[in-house]
Amino acid sequence: MLAAHPSVADVAVVGVPDEVMGERTCAVVVPTAGTTPTLDGPGGIPAAQENLVVQAA
């Protein structure tokens, strides 16, 4: 679903350690040139809002 968004050039989903669950997923998103993908607002990725935490690199 993330890879199909027009603001996303590439995405990788990997497992990361979690003290409670053992492991959780992490999506690393490469934005399309000239865009800044967001979870809300026009052009956002609303379907992901409930399941994603954004951390800028």
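Visitor: Could you give an account of the overall build of the protein, with specific residues and numbers?
Guide: Scanning the protein from terminus to terminus reveals zero helices and two strands. Taking all 57 residues of the protein together, 14% fall into the buried category.

Visitor: Lay out the pairing of strand β1 (residues 8–18) with the relevant residues and their values.
Guide: The sheet contact formed by β1 and strand β2 (residues 22–31) spans ten bridges and is antiparallel. Opposite V14, over in β2, you have C26 as the bridge partner. From the end of β1 to the start of β2, which pair antiparallel, there are three residues.

Visitor: Could you give me a rundown of the pattern of salt bridges, with the residues and numbers involved?
Guide: Pairs can form between side chains of opposite charge once their charged atoms are near each other. Under the defined criterion, the tally for this structure stands at one salt bridge. Across the pair R24 and D18 runs a salt bridge whose closest N-O atoms are separated by 3.5 Å.

Visitor: Outline the side chain of H5, supporting the account with residue identities and numerical values.
Guide: Relative to the assigned elements, H5 resides in the segment before β1. Polar side-chain contacts of H5 include one of 3.0 Å to the backbone nitrogen of S7.

Visitor: Account for the environment of G34, with residues named and values stated.
Guide: Position of G34 among the secondary structure elements: in the segment after β2. For the pair formed by G34 and S7, sequence separation is 27 residues and the distance between their alpha carbons is 8.8 Å.

Cut-off values and rules
- Residues numbered from 1 in each chain as written.
- Predicted model: local features only at pLDDT ≥ 70, side-chain atom pairs only at ≥ 80, totals over all residues.
- Heavy atoms only, no water.
- Helix = DSSP H or I, 4+ residues; strand = E, 2+ residues; numbered from the N terminus.
- Buried < 20%, exposed > 50% of the residue type's maximum accessible area, 1.4 Å probe, protein only.
- Pairing = 2+ DSSP bridges.
- Salt bridge = Lys/Arg side-chain N within 4 Å of Asp/Glu carboxyl O.
- Polar contact = N/O pair within 3.5 Å; in protein donor to acceptor, adjacent residues only side chain to side chain.

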